[in-house]
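# Summary of the model geometry
Chain residues, written in single-letter form:
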Amino acid sequence: MNKRELKPIAVFEQFAKINEIPRPSKREEKMIEYLRNWGESHGLETKVDETGNVIIRKGATPGYENRKTVILQSHMDMVCDKLVDVDFDFDHDAIQTYIDGEWMRAKGTTLGADDGIGCAMELALLDSDNVEHGPIECVFTRDEETGLTGAEGMKAGFMTGDYLINLDSEDEGEIFVSCAGGRNTTAVFSFQREEAPAGSFFLRAQLKGLTGGHSGDDINKKRANAIKLLGRFLFAEMKKYEGIRLAQFNSGKMHNAIPRDGQFVIAVPNAVKENIKADWNIFASDVEEEFHVTDTNMVWTMESTEAEPVIEATVARNFVFALQAVDNGIYAICQDPALNGMVETSSNIASIETKENVITIVSSQRSNVMSNLDNMCDTIGACFQLAGAEVKHSDGYPAWKMRSNSDLQRIVKDSYVKLFGKEPIVRGIHAGLECGLFSERYPNLDMVSFGPTLRDVHTPDERLLIPTVQMVWDHLLDVLKNIPQK
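The following paragraphs examine the structure supplied in this document. (Residues numbered from 1 in each chain as written. Predicted model: local features only at pLDDT ≥ 70, side-chain atom pairs only at ≥ 80, totals over all residues. Heavy atoms only, no water.)

### Remarks on the overall build of the chain
When its secondary structure is counted, the chain shows 11 helices and 25 strands. Its C-alpha atoms give the chain a radius of gyration of 24 Å, near enough to 23 Å, the size a compact globule of 486 residues would have. Referenced to the eigenvectors of the C-alpha coordinate spread, the extents of the chain come out at roughly 85 × 45 × 45 Å. Taking all 486 residues of the chain together, 59% fall into the buried category. Taking contacts inside the chain between residues at least 6 apart in sequence as the whole, the part at least 24 apart equals 80%. Carbon and sulfur atoms form 46% of the exposed surface of the chain, whose accessible area is close to 20000 Å². (Helix = DSSP H or I, 4+ residues; strand = E, 2+ residues; numbered from the N terminus. Rg over C-alpha atoms; globule rule 2.2 N^0.38 Å. Buried < 20%, exposed > 50% of the residue type's maximum accessible area, 1.4 Å probe, protein only. Contact = heavy atoms within 4.5 Å. Areas by Shrake-Rupley, 256 points an atom, 1.4 Å probe, with all protein chains shown as cover.)

See the structure below:
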């Protein structure tokens, strides 16, 4: 397959244009301006709210004027991650895509199909003159990936439709009707720098090549977390040898991604440096065996490095012990049989950054049950507070509860069966969708979410299964054709 063979061509043409526009989370100004100009140049009613969300309205095609109004919604921002050896500026450079069999990928960076492909479908629909539909409102929210602040800032009344189809899901053939709520917990360790003990030898250890992934949707896949592994090694060595001093610990970039790489710098007594190097190699072998199914490309290095001031001993010890103790992964499974064993509550240690006198840890908690979300945040916070850190929790976002007797669910499901001759999977997702926030502002809004198949989102391995784009496009057009009258 080559790019000229991509179908539906109208969607992939829009996606290519979108990928020329830098749109990191919180820095979507170029995309907002593009959407505003696009809507106005096509003679469509276009508005930008004070938060930066864009809505473009299109009237019904002849014969469909009395149908209920459908909102199509995607987010315009993208997670910006790249391979460590790739030179790329997400604020200025265009995403470079290529075809790998039936998959579309990017060259060393995230692809931006989350959720650029949803935006592309909306623009293709707005640009069409041969699609039958009632009144539609195409909504493009900003800053979904770093806290859903676009949806959070949207005021009631910005959208006026009866149904909402969120195009931010990642498994074709699955219709999502519920999502988790989420909050972030940030822990800050403050310390003083001091000189390492005389006779110290400095080592830099690095781990990379982990699979990573989305900290909600992939948390049940038993993938390795670089922070937990590096912390685990340090904990074992500090128990084994006296005099190990920590100078740096850095890992992870995004609050909503499982960290794929990381490194630390330690000062060790000269007499045990070879023992620690040997332990590192043994540890690497053991961990590779543990994760031989999910993480097959781990790269472990440990080498000498230049001396530098170290973190005061008590703070470093407490920090490492907290990393060993803190919960990470699945905490509870949904009890509702309708959600078919979905993860209910989880936590992911997402990033650690060491600066001159502070270490900042960011973790992400998720749950479909808001009381358990509070409990999970308190559990993570208590661990770090006991270790001496200052802890803060973000406001977060609410869960989206499954709606019983949903007309839109029935329409979407019946359409899928008619088109493809099989039942779609109707389920919830252990990740944040903007539908949770919309359900607070628009309590009567009937919503579903679906989209083409994506894999390894939020990582440079992100890829889009090309044939599923046509399937979702056909499904979407058929749903629009079968929306009932007011």
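Moving on from the coordinates now.
### Quick look at helix H3 (residues 113-127)
Counting along an α-helix, one turn takes 3.6 residues, and residues three or four places apart therefore face a common direction. The end-to-end C-alpha distance of H3 is 20 Å, a good match for the 21 Å that 15 residues give at a rise of 1.5 Å each. With 14 of its 15 residues buried, H3 lies for the most part within the structure. (Expected span 1.5 Å × (residues − 1).)

### What about the packing of aromatic side chains?
Enumeration over the complete set of coordinates arrives at 13 aromatic pairs. Centre to centre, the rings of phenylalanine 233 and phenylalanine 264 are 6.3 Å apart; their planes meet at 15 degrees, and the pair counts as stacked. With a gap of 31 residues between them, phenylalanine 233 in helix H5 (residues 226-240) and phenylalanine 264 in strand S15 (residues 262-269) connect regions that are remote in the sequence. Taking the relative accessible area as the measure of exposure, phenylalanine 264 reaches 0% and is therefore buried. With a centroid separation of 5.4 Å and 50 degrees between ring planes, the pair formed by phenylalanine 233 and phenylalanine 283 is classed as tilted. Here phenylalanine 283 lies in helix H6 (residues 273-290) and phenylalanine 233 lies in helix H5, a separation of 50 residues in the sequence. Judged by relative accessible area, phenylalanine 283 falls into the buried class, the value being 12%. Three or more aromatic residues joined by ring pairs form one cluster here, namely Phe189, Phe233, Phe249, Phe264, Trp280, Phe283, Trp300, Phe319 and Phe384. Between the NZ or CZ atom of arginine 317 and the centre of the ring of phenylalanine 321, over which it lies, the distance is 4.0 Å. Over the ring of tryptophan 103 we find arginine 463; its NZ or CZ atom is 5.1 Å from the centre of that ring. (Phe/Tyr/Trp six-rings, centres within 6.5 Å; stacked < 30°, edge-to-face > 60°. Lys NZ or Arg CZ within 6 Å of the ring centre and 35° of its normal.)

### Focus: the nonpolar core
Inside soluble globular proteins, nonpolar side chains tend to come together where they are buried. Met104, Phe140, Ile165 and Leu464 are the most contacted members of the largest nonpolar core, which has 60 residues in total. Per-element accounting of this core gives the leading share, 9 residues, to H3. By size, the runner-up hydrophobic cluster in this structure holds 53 residues, among which are Phe189, Ala226, Trp280 and Met302. (Core = buried A, V, L, I, M, F, W, Y, C linked by side-chain atoms within 4.5 Å.)

### What to know about the pattern of salt bridges
On inspection of all chains with the given rule, the structure shows 29 salt bridges. A salt bridge links arginine 27 to aspartate 91, with the nearest nitrogen and oxygen atoms 2.7 Å apart. Highlighted residues: arginine 27 in the loop between helix H1 (9-18) and helix H2 (29-41) and aspartate 91 in the loop between strand S3 (70-75) and strand S4 (97-100), separated in sequence by 64 residues. Connected through salt bridges with shared partners, the residues Asp218, Lys221, Arg223, Asp456 and Arg463 form a single ionic network. (Salt bridge = Lys/Arg side-chain N within 4 Å of Asp/Glu carboxyl O.)

### Here we look at the environment of glutamate 29
Relative to the helices and strands, glutamate 29 resides in helix H2. It is 10.0 Å that separates the C-alpha atoms of glutamate 29 and aspartate 77, two residues lying 48 residues apart in sequence. For glutamate 29, the side chain forms a polar contact with the side chain of arginine 142, separated by 3.3 Å. (Polar contact = N/O pair within 3.5 Å; in protein donor to acceptor, adjacent residues only side chain to side chain.)

### As for the side chain of asparagine 225
With respect to the helices and strands, the residue asparagine 225 is situated in the loop between strand S12 (213-214) and H5. A polar contact is formed between the side chain of asparagine 225 and the side chain of asparagine 348, at a distance of 3.2 Å. Beyond its immediate stretch of four places on either side in the chain, asparagine 225 contacts Leu210, Ile258, Pro259, Asn328, Asn348 and Ile349.

### Observations concerning empty space enclosed by the protein
With the rule as written, the count across this model stands at 4 cavities of 30 Å³ or more. Here the largest cavity defines a volume of roughly 180 Å³. In this structure, the largest cavity is lined by 18 residues; those nearest its centre are Glu144, Glu145, His214, Ala431 and Gly432. The residue makeup of the lining of the largest cavity, split by class, is 5 nonpolar, 7 polar and 6 charged. The space that makes up the second largest cavity amounts to roughly 90 Å³. The wall of the second largest cavity is formed by Asp81, Gly252, Lys253, Met254, Ala257, Ile258, Pro259, Arg260, Asp261, Ala350 and His458. Partitioned by chemical class, the residues of the lining of the second largest cavity number 5 nonpolar, 2 polar and 4 charged. (1 Å grid on protein atoms, 1.4 Å probe; cavity = no way out; pocket = protein on both sides within 12 Å on 5 of 7 lines; lining within 4 Å. Points joined across faces, edges and corners; volume = space filled by probe spheres on them. Nonpolar A, V, L, I, M, F, W, Y, C, P; charged D, E, K, R; others polar.)

### Concerning the packing of H5 against H6
Between H5 and H6, the shortest axis-to-axis distance is 11 Å and the interhelical angle comes to 140 degrees. As judged from the angle between their axes, H5 and H6 are oblique. Along this stretch, H5 crosses H6, giving a crossing that reads as right-handed. Counted together, Leu229, Leu230, Arg232, Phe233, Glu237 and Lys240 of H5 and Ile276, Asp279, Trp280, Phe283, Val287 and Glu290 of H6 form the full contact between these two elements. Residue composition of the contact of H5 with H6, by class: 7 nonpolar, no polar and 5 charged. (Axes fitted to C-alpha atoms, helices over the stretch in contact; angles between N-to-C directions. Parallel < 35°, antiparallel > 145°, perpendicular 65-115°, else oblique. Left-handed = near helix turned anticlockwise from the far one by under 90°.)

### Description of the sheet that holds S4
The strand order across the open sheet built from 4 strands is S4-S5-S25-S24, with neighbouring strands paired in antiparallel fashion. Taken across any chain shown, the strands that pair with only one partner, and hence form the sheet edges, are S4 and strand S24 (454-455). Where S24 lies against strand S25 (residues 463-465), 2 bridges are found, and the strand directions are antiparallel. Considered in S25, the bridge of leucine 454 is made with leucine 464. Along the sheet face, helix H11 (residues 466-481) touches S4, strand S5 (103-106) and S25 and points at about 60 degrees away from the line of S25. (Pairing = 2+ DSSP bridges.)

No statement about biological role is implied by the geometric values presented.
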